[in-house]
Amino acid sequence: MPRPLSAIPVPAPVTLTEAVILWTECLHGMGELPAAMRSLSRHVRAEAAVLMRANSQTGKHRILSSCDGKAASGACPLPQPLGLSLITIEPHRARAGSLWSLRDPSRAEADRLDPQQNRWLSQRAIADVIVIVLGHSADFIDLLEFHLPRRMDRRDQEQLENLAQAIAFAWNRRPTGRIARLMSNSPAITRRMAQTPPSSANALSSENPWQLTATELRICTLIRDGLAATDIVSHFGVAESTVRSHLRNIYAKAGVTGQVGLVHKLLDNAPAKAAIH
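Residues numbered from 1 in each chain as written. Predicted model: local features only at pLDDT ≥ 70, side-chain atom pairs only at ≥ 80, totals over all residues. Heavy atoms only, no water.

A. Structural view of the pattern of salt bridges. On inspection of all chains with the given rule, the structure shows seven salt bridges. Ionic pairing is found between Asp-68 and Arg-124, a salt bridge with its closest N-O pair at 2.9 Å. Taken together, the residues Asp-68 in strand β2 (residues 61–68) and Arg-124 in the loop between α3 (115–123) and β4 (128–136) connect sequence positions 56 residues apart. Its relative accessible area of 25% is what places Asp-68 among the partly exposed residues. Of the residues examined, Arg-124 reaches a relative accessible area of 6% and is grouped as buried. Because the salt bridges share partners, they merge into one network encompassing Arg-45, Arg-150 and Asp-156. (Salt bridge = Lys/Arg side-chain N within 4 Å of Asp/Glu carboxyl O. Helix = DSSP H or I, 4+ residues; strand = E, 2+ residues; numbered from the N terminus. Buried < 20%, exposed > 50% of the residue type's maximum accessible area, 1.4 Å probe, protein only.)

B. A look at unusual backbone geometry. Despite not being glycine, Ala-125 shows a phi value in the positive range, around 55°. By secondary structure assignment, the location of Ala-125 is in the loop between α3 and β4. Although it is not a glycine, Gln-211 adopts a positive phi angle of roughly 60°. Within the fold, Gln-211 resides in the loop between α5 (178–184) and α6 (214–224).

C. Looking closely at the packing of aromatic side chains. All told, the structure shown has one aromatic pair when counted by the stated rule. Between Trp-23 and Trp-171, the ring centres sit 5.9 Å apart and the planes meet at 25°, which makes this aromatic pair stacked. Here Trp-171 lies in helix α4 (residues 154–171) and Trp-23 lies in helix α1 (residues 16–27), a separation of 148 residues in the sequence. Using a relative accessible area of 0% as the deciding quantity, one classes Trp-23 as buried. The ring of Phe-169 has Arg-173 sitting right over it, with the charged end atom 3.7 Å from the ring centre. (Phe/Tyr/Trp six-rings, centres within 6.5 Å; stacked < 30°, edge-to-face > 60°. Lys NZ or Arg CZ within 6 Å of the ring centre and 35° of its normal.)

D. Expanded view of α3. Restricting attention to buried positions, one finds in α3 the residues Gln-117, Trp-120 and Leu-121. In a view along the axis of α3, the buried residues occupy a sector of 100°, so they form one face of it. With respect to the buried face of α3, the exposed residues turned more than 90 degrees away are Pro-115, Ser-122 and Gln-123. Positioned one or two residues after α3, Ala-125 has a phi angle of 55°, which is positive. (Arc of directions from axis to C-beta.)

E. Molecular detail of the pairing of β4. Most of β4 sits inside the fold, with eight of its nine residues counted as buried. In terms of strand pairing, strand β3 (residues 99–101) meets β4 through three bridges, oriented antiparallel. The residue bridging Trp-100 from the neighbouring strand is Val-131, located in β4. Taking the residues between adjacent antiparallel strands as the criterion, β4 and strand β5 (residues 140–148) are bridged by three residues. (Pairing = 2+ DSSP bridges.)

F. How the structure looks around the environment of Ala-49. Mapping Ala-49 onto the fold places it in strand β1 (residues 48–55). Ignoring any residue separated from it by four or fewer positions in sequence, one finds Ala-49 in contact with Met-37, Ser-41, Ser-66, Cys-67, Glu-145, Phe-146 and His-147. (Contact = heavy atoms within 4.5 Å.)

G. Structural context of the sheet that holds β4. The five strands lie next to each other as β2-β1-β5-β4-β3, forming an open sheet whose pairing is antiparallel. Where the open sheet ends on each side, the last strands, each with one partner, are β2 and β3. Averaged over all pairs of adjacent strands, the angle between their axes in this sheet comes to 20°, without regard to strand direction. Note that β1 and β2 share seven bridges and pair antiparallel. (Axes fitted to C-alpha atoms, helices over the stretch in contact; angles between N-to-C directions.)

H. Spotlight on the side chain of Arg-53. You can see Arg-53 is positioned in strand β1. A polar side-chain atom of Arg-53 sits 2.6 Å from a polar atom in the side chain of Asp-142. (Polar contact = N/O pair within 3.5 Å; in protein donor to acceptor, adjacent residues only side chain to side chain.)

I. Quick look at the packing of helix α2 (residues 33–44) against α4. At a minimum axis separation of 11 Å, α2 and α4 run at an interaxial angle of 160°. Looking at the two axes, α2 sits roughly antiparallel to α4. Crossing angle aside, the handedness with which α2 passes α4 is right-handed. Here Leu-40, His-43 and Val-44 of α2 lie close against α4, whose contacting residues are Leu-160, Leu-163 and Ile-167. Of the residues belonging to the contact of α2 with α4, the class tally is five nonpolar, one polar and no charged. (Parallel < 35°, antiparallel > 145°, perpendicular 65-115°, else oblique. Left-handed = near helix turned anticlockwise from the far one by under 90°. Nonpolar A, V, L, I, M, F, W, Y, C, P; charged D, E, K, R; others polar.)

Given below as structure tokens:
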């Protein structure tokens with residue numbers, strides 16, 4: 001059986017196709033996300049990249065993965081992603097696959113950055129920051145941010161626009177539960193993100209603050225651990241409609257509108273986990 005491209009020890013992909021294949025394989029569980037991000041960074045000649053999910057209402061974010069080509073040399077680390085600072089329209093209106101640049105002459109995003117971010121840009125001699133909107137829901141937006149040591153020319157712009165469309169397409173066709181797994185393994189230093197302040201009680205503790213039934217508690221545990229609805233159907237050996245009915249009851253009790261919001265609440269209320277490297 002041939003190995004996936006992500007398993008072949010090639011230093012860096014040199015084409016858009018190779019970079020997108022690595023990214024897509026990673027999203028389908030056939031590769032490591034940091035390796036895919038390094039490949040994308042090399043393709044666009046970026047020094048660093050950050051993948052994050054942000055709450056479009058509060059601005060709070062959680063980093064899913066990052067890579068920095070100069071980290072090993074002791075370069076000053078990014079204090080926080082620029083992300084939403086570069087999107088000048090309401091985040092939920094930003095189209096998946098759209099591209100946002102710090103140096104866009106029609107906007108003045110640099111004026112919207114805080115002093116710490118501007119200081120980092122200067123220290124690292126970052127000439128431009130590009131943010132790609134991967135996708136969004138009613139409350140959350142997924143962004144991939146590249147830090148470039150040079151400003152884009154017309155050819156760079158065209159290449160990045162093609163890349164943005166391709167990786168956003170793959171992102172929105174990833175298997176259900178992939179983000180839950182990424183979030184459960186994200187570094188502990190990443191700030192927690194939630195629509196509302198989390199309850200002081202763990203949702204799955206013996207206190208059972210959501211008043212879940214025994215079956216609903218088991219389903220929540222499986223969702224927290226990254227299982228998709230189809231996996232839960234197989235686990236219980238019941239009809240998918242039965243699991244969907246349980247999920248609707250759980251959403252109502254948790255005060256969320258869907259599985260993404262439920263995952264955030266379960267992870268925010270869970271005991272802290274050590275980062276998995």
